[in-house]
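Okay, here's what each chain looks like letter by letter:
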Amino acid sequence: TLAGSQQVFGFVRFVVCAVVLSLEMAEKAGAALSVEDQISEQEAKPMTADEKKFFDAALASLTKEQQTKFASVPLDVLLIVRGFANEEKRMEETLKATQHIAEWRDKVGYYEFFEKHLEGDSQFHKVWPEYICGTDKYGHFVQVSFILIRFV
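Rules used throughout
Residues numbered from 1 in each chain as written. Predicted model: local features only at pLDDT ≥ 70, side-chain atom pairs only at ≥ 80, totals over all residues. Heavy atoms only, no water. Helix = DSSP H or I, 4+ residues; strand = E, 2+ residues; numbered from the N terminus. Buried < 20%, exposed > 50% of the residue type's maximum accessible area, 1.4 Å probe, protein only. Contact = heavy atoms within 4.5 Å. Areas by Shrake-Rupley, 256 points an atom, 1.4 Å probe, with all protein chains shown as cover. Salt bridge = Lys/Arg side-chain N within 4 Å of Asp/Glu carboxyl O. Axes fitted to C-alpha atoms, helices over the stretch in contact; angles between N-to-C directions. Parallel < 35°, antiparallel > 145°, perpendicular 65-115°, else oblique. Left-handed = near helix turned anticlockwise from the far one by under 90°. Nonpolar A, V, L, I, M, F, W, Y, C, P; charged D, E, K, R; others polar. Polar contact = N/O pair within 3.5 Å; in protein donor to acceptor, adjacent residues only side chain to side chain.

Visitor: Please explain the overall build of the protein chain as it appears in this structure.
Guide: Regarding its fold elements, the protein chain presents 7 helices and 2 strands. Secondary structure elements of the protein chain occur, N-terminal to C-terminal, as α-α-α-α-α-α-α-β-β. Every one of the 152 residues in the protein chain was classed for burial, and the buried ones make up 21%. Once local pairs closer than 6 in sequence are excluded, the contacts in the protein chain between residues at least 24 apart make up 51%. Approximately 11500 Å² of the protein chain is accessible, and the part contributed by carbon and sulfur atoms is 61%.

Below is the structure:
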């Protein structure tokens, strides 16, 4: 029933908010940085001069159309550059990965995915609703989703 669904949603929202508050309290208590915290901190750092060389080379290795699409979200390229920072053949591996990702995105229509509706999407969202109920300490949305089950 709708009332039962609302109770489930209320419980899920309570659990999610309790987890977020627990994480915030642990941070305030001086807990050591978790792996997630360390990664988030690294991702937020500005690009270094050394990374800029790899960033520019990665974009230059793509077609003009791919460059335009990839450059629209510079963090995508920067994360690839940082992901290969410890590789022996860093430049070669960075370029190869960037090209591979760009080709995959072209093949699957990555950039057009959100421009059209999929068949059956309205029914899907009726039985699997999603809600944004706040943000975590990094500013990421806290999203809750669940399946509405009809009891007969």
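Visitor: Would you mind going over the pattern of salt bridges with me for this structure?
Guide: Two side chains that carry opposite charge are able to pair once their charged atoms sit near each other. Evaluated as defined, the whole model comprises 8 salt bridges. Ionic pairing is found between Asp50 and Arg90, a salt bridge with its closest N-O pair at 3.2 Å. Of this pair, Asp50 sits in helix H3 (residues 49–60) while Arg90 sits in helix H6 (residues 90–108), and the two are 40 residues apart along the sequence. Residue Arg90 is classed as buried on the basis of its relative accessible area of 12%. Salt-bridge contacts for Glu93 lead to Lys96; the nearest nitrogen and oxygen are separated by 3.5 Å.

Visitor: Before we go on, may I ask you to explain the packing of H3 against H6 in this structure?
Guide: Each pair of packed helices gets described by two things: the angle between the helix axes and the distance between those axes. Across the interface, H3 lies against H6 with an axial gap of 9 Å and an inter-helix angle of 45°. When the axes of H3 and H6 are compared, the pair comes out oblique. Crossing handedness for the pair H3 and H6: right-handed. Contacts between H3 and H6 involve Asp50, Glu51, Lys53, Phe54, Ala57 and Ala58 on the former and, on the latter, Arg90, Met91, Thr94, Leu95 and Thr98. Residue classes in the contact of H3 with H6 are distributed as 5 nonpolar, 2 polar and 4 charged.

Visitor: Explain the side chain of Glu51 here, please?
Guide: Among the structural elements, Glu51 can be located in helix H3. In this structure Glu51 comes out as buried when scored by relative accessible area, which is 11%. Polar contacts involving the side chain of Glu51 include one to the main-chain amide nitrogen of Thr48, which spans 2.9 Å.

Visitor: What exactly am I supposed to notice about helix H5 (residues 74–83) here?
Guide: An α-helical turn contains 3.6 residues, so a residue and the one three or four places further along point in the same direction. Among all positions of H5, only Val77, Leu78, Ile80, Val81 and Arg82 are buried. In the core, the buried residues of H5 are packed alongside helix H2 (35–44), H3, helix H4 (64–71) and H6.

Visitor: Just to check I follow, could you spell out the environment of Glu65 for this structure?
Guide: Inspection of the secondary structure assignment puts Glu65 in helix H4. Separated by 41 residues in sequence, Glu65 and Asp106 have C-alpha atoms that sit 10.0 Å apart.

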